[in-house]
Amino acid sequence: MSYGYTGNILHINLSTKEIWVEHPEEAFYRTYWGGRALALYYMLKYIKPKTDPLSPDNLLIFAPSVITGTPAPAIPRYTVCAKSPLTGVEGEAEAGGWWGPELKKAGFDAIIIKGASSDPVYLYIKDGKIEIKDATFLWGKETAIAQQLIREELKDNRIRVAQIGPAGENLVRFANIVNELKHFNGRNGLGAVMGSKRLKAIAVRGTKSINLYNKEKVKEITKQITSRVMDNPLSRGLRELGTPATVRSFYETGCLPSYNWTTGYFKEGENLTAETYNKTILKKIEGCFACPIRCKRVVQIEEENLSVDPLYGGPEYETIAALGSLCGISDLKYVAKANELCNKYTMDTISTGMTIAFAMQCYEEGILSREEVNGLELNFGNKEALLQLVDMIAKREGIGNLLAEGSYRASLKIGKGSKKLVHQVKGQEIPMHDPRLKTGVGLQYALSDYGADHMKAAHDPFFQDVDSWGTKTMQDLGISEPVSPTDIGPKKVKLFQILDIYWSLLDTLGVCDFGYVPRSVGTLGELLGIIQSVTSWDVTWFELMRLGERSINMARFFNYREGFSSKDDTLPEVFFHNFKGGPLDAQGAINKEDFQKALRLRYEMMGWDVNTGIPTEAKLIELGLDWLVSEVK
Ligand code: SF4
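None of these values were measured; they are calculated from a predicted model.

Chemist: Help me out: how do you make sense of the overall build of the protein chain in this one?
Modeler: Along its length, the protein chain carries 24 helices and 16 strands. By the compact-globule yardstick of 26 Å for 633 residues, the protein chain fits well, its C-alpha radius of gyration being 23 Å. C-alpha atoms of the protein chain, sized along the principal axes, occupy 60 × 55 × 55 Å. Looking at the protein chain as a whole, 65% of its 633 residues qualify as buried. Here the analysis covers contacts within the protein chain between residues at least 6 apart in sequence; of these, 68% occur between residues at least 24 apart.

As structure tokens, then:
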């Protein structure tokens, strides 16, 4: 077996309680590697088209990669995949933390779960041994309590727990999965899939070490990267201000998503900035496994009726905007409280904030009456109502039951023109970055296999001039020319084709986007050096980019089988109109025709059918996916 792998892929059928371990050949690993590519292989093989995502026939896959869990910096991630109950297409989310590395040390490269248990269960995996354990006593418990109870039952405080809270159990369509209470497989409703299998948690403990080909070289590169963390402005910024640093630039520019995207102007934006955050609620910073950057925030509030427990971490930028300005709320303490509630119930904060902001606008426009929202005064800015709604959604109580379906499905049930107030792609709510000022992000929202997501490529400003970090550091991949963030011409399409493939590779290898170029300190050469030193494989960027492209095409093919095509590669209407209010008033609309042209060009560059956006037979063969060809025919 190649270095870096355990050689074991664990299969569990929760309906029959059958457990078996597969030992793939090296050639399999070198084709699918790990993360999203490996997960997609099993999804394409074993999930039949049109499977109900919440039925026992869906798979739930946990997949670290060959380099996850090695001591190299910022590579703690693992992917969770399933058919998504929110979008109906490929569901995928990556999480950092400690769980992925622990699974490798416990002896497994991935877990493939099928079926559904009749009673709540949890899995206990320790050094190659697997037990399916009764979880009746954990069902209904918030995450901190459940984690504690598991550790007590197993008499081991070092056990790493990935789990769902009540929102996952209640099949909230945007429920997520958390490890160590604060690291999330955040989007696509994968927590609901786990809930549908009545699988509360996976507790892992590993004491084996991962076999590295050249340990000394990995150590040397790690030392090199670590020594530059505080010199590099991007990694230093992540450490000092974290992702909340984004609030200031967006609110000063006038593109901070506010009042359900009716404006980018939020006059109380200062209250939500990273500087205010650091002064008022920050308790400490933390990191993930073997990461010297330590960008994670931990907050604490000790006020009557508004206490926030540091166990649940702290809000990132997306959360601050989604539960803050988007809902017209400028009180950071309430945002932190709403974040804590989402975390203990395990709900994606982006979709939660977007769905509540949608309900608030429906209420303000008279589409939802006070009676229909259980007597809440659901105006923008009502921070008490925000907390109540988070609670009601997780428990599916009252109006919360409808909103637990996500904003798109809720609007279909509400009718009365509410659909125009929903901003989504493939049924998933838009994240907190405005594509009018980052057209590449807009292209990625539209093309994303798993619905609108901001983690589908680096963002445009990293390539805006010759001295930008992305332009300077990614020449080996063919990026050397700056492109304006608002350009939507061929240069932008080409840039984001490369970035999409590169990002897909990072999601296949478990690499944190905040650890390496163009977002941070580690270089392409160092990343390649780590991969070679862990595996012994003499890989090149050509092979790695092919791997990234292979996983994009597998995801696209999965979606094609579900009936998705170019008609679903869309952007919400709001972005084809000018900003309203603030410094960008009456500017910024993306030209719809130019956007369509850009999409078609991207299809051509990717080797997809230019009308349908579906991978061609030739492209599948080129990428070694011959086994999918008969399905195209
Ligand atoms: S950069 Fe931040 S999110 Fe990424 S691995 Fe390090 S601490 Fe975790």
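Chemist: I keep staring at the side chain of Ser407 and nothing clicks. Help me out?
Modeler: Following the sequence through the fold, Ser407 ends up in helix 16 (residues 407-414). If we skip the residues at most four places from it in the chain, Ser407 touches Thr355, Phe358, Val422 and Glu429.

Chemist: Could you clarify how one ought to interpret the site of the ligand in this entry?
Modeler: With respect to spatial proximity, the complete set of residues near the ligand consists of Ala74, Pro76, Gly287, Cys288, Cys291, Ile293, Arg294, Cys295, Lys296, Cys512 and Phe514. Among the residues forming the shell around the ligand, the class breakdown is eight nonpolar, one polar and two charged.

Chemist: Would you take a moment to explain the packing of helix 19 (residues 490-509) against helix 21 (residues 541-561) for this structure?
Modeler: Each pair of packed helices can be summarised by the angle the axes make with each other and by the distance between the axes. At their nearest, the axes of helix 19 and helix 21 sit 8 Å apart, and the two run at 90° to each other. Accordingly, the angle class assigned to the pair helix 19 and helix 21 is roughly perpendicular. Listed contacts from helix 21 to Ile498, Asp500, Ile501, Tyr502, Ser504, Leu505 and Thr508 of helix 19 are Trp541, Leu544, Met545, Leu547, Gly548, Glu549, Ser551 and Ile552. Here the residues of the contact of helix 19 with helix 21 sort into nine nonpolar, four polar and two charged.

Chemist: Whenever I open this one, unusual backbone geometry confuses me. Can you help?
Modeler: In the segment running from Val517 into Pro518, the intervening peptide bond is cis, with an omega of 5°. Within the secondary structure layout, Pro518 lies in the loop between helix 19 and helix 20 (524-535). The backbone of Lys416 sits at a positive phi, close to 50°, despite the residue not being glycine. Looking at where Lys416 falls in the secondary structure, it is placed in the loop between helix 16 and strand 15 (424-425).

Chemist: I'm lost on the packing of aromatic side chains in this one. Help?
Modeler: Aromatic ring pairs: the centre-centre distance and the angle between the two ring planes describe each pair. For the structure on display, the rule yields 24 aromatic pairs. Measuring from centroid to centroid gives 5.8 Å for Tyr502 and Trp503, while their planes differ by 65°, and the two rings are edge-to-face. Considered together, Tyr502 and Trp503 belong to a single accessibility category, that of buried residues. Seen in terms of ring centroids, Tyr603 and Trp608 are 6.2 Å apart; in terms of plane orientation they differ by 45°. Their pairing is tilted.

Chemist: Would you explain the pattern of salt bridges in this entry?
Modeler: Within the structure shown, the criterion is met by 48 salt bridges. Of the charged contacts in the structure, one is a salt bridge between Lys217 and Glu220, with a shortest N-O distance of 3.5 Å. Taken together, the residues Lys217 and Glu220, both in helix 7 (residues 215-228) and three residues apart, mark about one turn of the helix. Judged by relative accessible area, which is 33%, Lys217 ranks as partly exposed. In this structure, Asp500 engages Lys456 in a salt bridge whose closest nitrogen and oxygen atoms are separated by 3.0 Å. Here Asp500, found in helix 19, pairs with Lys456, found in the loop between helix 17 (439-447) and helix 18 (469-473); they are 44 residues apart in sequence, far enough to count as distant. Residue Asp500 shares its accessibility class with Lys456, and that shared class is buried. Among the ionic contacts, a cluster of salt bridges with common partners joins Arg36, Glu90, Glu92, Asp449, Lys456, Asp500 and Arg602.

Chemist: Got a minute to help me understand helix 12 (residues 332-345) in this structure?
Modeler: Working note: α-helix, 3.6 residues per turn, so residues spaced by three or four point in the same direction. Taking 1.5 Å of rise per residue, 14 residues should cover 20 Å, and helix 12 covers 20 Å from first to last C-alpha, within 8% of that figure. Within helix 12, 13 of the 14 residues are buried, which leaves the element mostly enclosed by the surrounding structure. Capping of helix 12 at its N-terminal end is provided by Asp331; its side-chain oxygen lies 3.0 Å from the backbone amide nitrogen of Lys333. A positive phi of about 65° marks Thr346, the residue just after helix 12.

Chemist: Is there a simple way to explain the environment of Ala116 in this structure?
Modeler: In this fold, Ala116 is placed in the loop between strand 6 (110-114) and strand 7 (121-126). Between the alpha carbons of Ala116 and Asn13 there is a distance of 7.5 Å; along the sequence they are 103 residues apart. The contact partners of Ala116, leaving out residues within four places of it in the chain, are Leu14, Ser15, Pro56, Ser196 and Lys197.

Chemist: In this structure, what is going on with the packing of helix 2 (residues 35-46) against helix 21? I would like to understand it.
Modeler: At a minimum axis separation of 9 Å, helix 2 and helix 21 run at an interaxial angle of 30°. By the angle between their directions, the pair helix 2 and helix 21 is classed as roughly parallel. Note that helix 2 runs across helix 21; the crossing there is left-handed. The residues of helix 21 that touch helix 2, namely those facing Arg36, Ala37, Leu40, Tyr41, Met43 and Leu44, are Leu547, Ser551, Ile552, Met554, Ala555, Phe557, Phe558 and Arg561. A per-class count over the contact of helix 2 with helix 21 returns 11 nonpolar, one polar and two charged.

Chemist: Would you mind going over the environment of Glu303 with me for this structure?
Modeler: Looking at the element boundaries, Glu303 is found in the loop between strand 14 (296-299) and helix 11 (317-323). Sequence spacing of Glu303 and Phe558 is 255 residues, and the spatial spacing of their C-alpha atoms is 49 Å.

About the thresholds
Residues numbered from 1 in each chain as written. Predicted model: local features only at pLDDT ≥ 70, side-chain atom pairs only at ≥ 80, totals over all residues. Heavy atoms only, no water. Helix = DSSP H or I, 4+ residues; strand = E, 2+ residues; numbered from the N terminus. Rg over C-alpha atoms; globule rule 2.2 N^0.38 Å. Buried < 20%, exposed > 50% of the residue type's maximum accessible area, 1.4 Å probe, protein only. Contact = heavy atoms within 4.5 Å. Near = heavy atom within 4 Å. Nonpolar A, V, L, I, M, F, W, Y, C, P; charged D, E, K, R; others polar. Axes fitted to C-alpha atoms, helices over the stretch in contact; angles between N-to-C directions. Parallel < 35°, antiparallel > 145°, perpendicular 65-115°, else oblique. Phe/Tyr/Trp six-rings, centres within 6.5 Å; stacked < 30°, edge-to-face > 60°. Salt bridge = Lys/Arg side-chain N within 4 Å of Asp/Glu carboxyl O. Expected span 1.5 Å × (residues − 1). Polar contact = N/O pair within 3.5 Å; in protein donor to acceptor, adjacent residues only side chain to side chain. Left-handed = near helix turned anticlockwise from the far one by under 90°.

In short, the description is geometric, and any link to function would need to be established separately.
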